[in-house]
Amino acid sequence: MVPPLSRYGRRIVVVLLIVGLLLPLATGGVAAQSVTGASGSIVVDEGETVDGIEGVAGTIVVRGTVTGDLSGAAGSIRIAETGRVEGNVDAAAGTLVVDGTVEGDVRTGTGSFELTDTGRVDGSIDVGAGSIVVDGTVGGDVRAAGDSVAIGPNAEVGGEFRYDAEEFTRSPDASVAGGVVEDASLRGDAGIGFGMDVAPSWFGTAYAFAANLVLGAVLLLAFPRFSRDVAARVETDPLASGGIGLLTLVSVPLALLLVTITIVGIPLALLGIAAYVAAVWIAAVYGRYAVGVWVTRRLGAENRWIALVGGLLGFAILGAIPIVGGVVELLALLLGLGALAFGLRDRYRHGRRTTDGTNRSDLT
């Protein structure tokens, strides 16, 4: 029989699990260190050549040459007019603007995408975004799914332009060799890109649910008392939890941004960003779990595992509803983040009050 883990052993397991789950992000940051600027941005200056970009950053700017692929996630990605990516662009971003040249394909999920009149993509474009503008040269096909899709007057598309959008405009001066086709199935088929394949949209939802379930199970096993306290805090004082959650969500990134102003503070800021990402994920799971606890208690079924699965499943279903899903997911995050902040503060104060040499600030 395997002996049970000690309190510290359980904590080590949690830390190792979170580090393992965040390892792809950490690896991306290391791979891109050669082009990481002091501001935390990834920049390839004009006249500079790098083998590839794979990382997570606030901004990614290419003014020089990337001989391989550009992949990762960023708040904004811009390939300047002097920039050239000889491989593919496979990334997630708040905004993606192509003023320069991409010799391969562009595959992205983004808030807004623009191929300007000076931009060129020799391969194909596969994009899902809120706003999509194609006003440059595309050698292959274009698949565009978004709220609004526009083909500008300078657009020259060598293949077919297939789209799905609530608003669509096409300039009469645009050239599309393969014709323009409206395809209502595109947004339903949009998924997560892996190499040359595209996973169906349900795969991303299923993967997120499974990852949240694993993290939630580990938290309940490793920190049962703390998890109960978090759920109780949300149930007894949801307004305070939500308010502190909102304050934390806004203030921590601002504080990290201030830390990056000094060169000395950059390593500390990077550690802070990693910790913040982990905390937001944990808080999101705790928020769903807390709501699950509240519901199951009123149904007379007080079971933490039912609460965890029910909370995660319920929010996964609600998350698929346009607008409403985003609002309820944000509320769960704020509740969980606030309750998590309160819990950590209480444990810290309790530990500070301990004077007999015994560590009573155990989260379990």
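You'll find the structure just up there.
Presented here is a report on the structure given in the accompanying data block.

### Some details on the packing of aromatic side chains
Across all of its chains, the model carries 2 aromatic pairs by this definition. Between Y163 and F168, the ring centres sit 3.9 Å apart and the planes meet at 10°, which makes this aromatic pair stacked. Residue classification places F168 among the partly exposed positions, given a relative accessible area of 27%. R233 extends its terminal NZ or CZ atom over the ring of F342, reaching a point 4.3 Å from the ring centre.

### Quick look at the pattern of salt bridges
Considering all chains together, one arrives at 11 salt bridges under this definition. The partner of R120 in a salt bridge is D122, with the nearest N and O atoms 2.6 Å apart. For R120, a relative accessible area of 40% translates into the label partly exposed. For E235, the salt bridge is made with R297, and the minimal N-O distance between the two is 2.4 Å. Residue E235 is found in helix α4 (residues 224-236), and its partner R297 is found in helix α6 (residues 265-298); the two are separated by 62 residues along the sequence. A residue is classified by how much of its surface remains accessible, and E235, at 24% relative accessible area, is partly exposed. Residue R297 is classed as partly exposed on the basis of its relative accessible area, which comes to 37%. Within this structure, E235, R297, R298 and E302 form a network of salt bridges that share partners.

### Description of α4
Think of an α-helix as turning once every 3.6 residues; residues three or four places apart then point the same way. If you check α4, its first and last C-alpha atoms are 18 Å apart, about what 13 residues at 1.5 Å a residue would give, namely 18 Å. Restricting attention to buried positions, one finds in α4 the residues P224, F226, S227, V230, A231 and V234.

### Re the environment of V230
Relative to the elements of secondary structure, V230 occurs in helix α4. Of the residues examined, V230 reaches a relative accessible area of 2% and is grouped as buried. With 57 residues separating them along the chain, V230 and G287 place their C-alpha atoms 8.5 Å apart. Each residue touching V230, except ones within four places of it in the same chain, is listed here: Y286 and A339.

Cut-offs used in this document
Residues numbered from 1 in each chain as written. Predicted model: local features only at pLDDT ≥ 70, side-chain atom pairs only at ≥ 80, totals over all residues. Heavy atoms only, no water. Phe/Tyr/Trp six-rings, centres within 6.5 Å; stacked < 30°, edge-to-face > 60°. Buried < 20%, exposed > 50% of the residue type's maximum accessible area, 1.4 Å probe, protein only. Lys NZ or Arg CZ within 6 Å of the ring centre and 35° of its normal. Salt bridge = Lys/Arg side-chain N within 4 Å of Asp/Glu carboxyl O. Helix = DSSP H or I, 4+ residues; strand = E, 2+ residues; numbered from the N terminus. Expected span 1.5 Å × (residues − 1). Contact = heavy atoms within 4.5 Å.

Taken by themselves, the reported measurements are silent on function.
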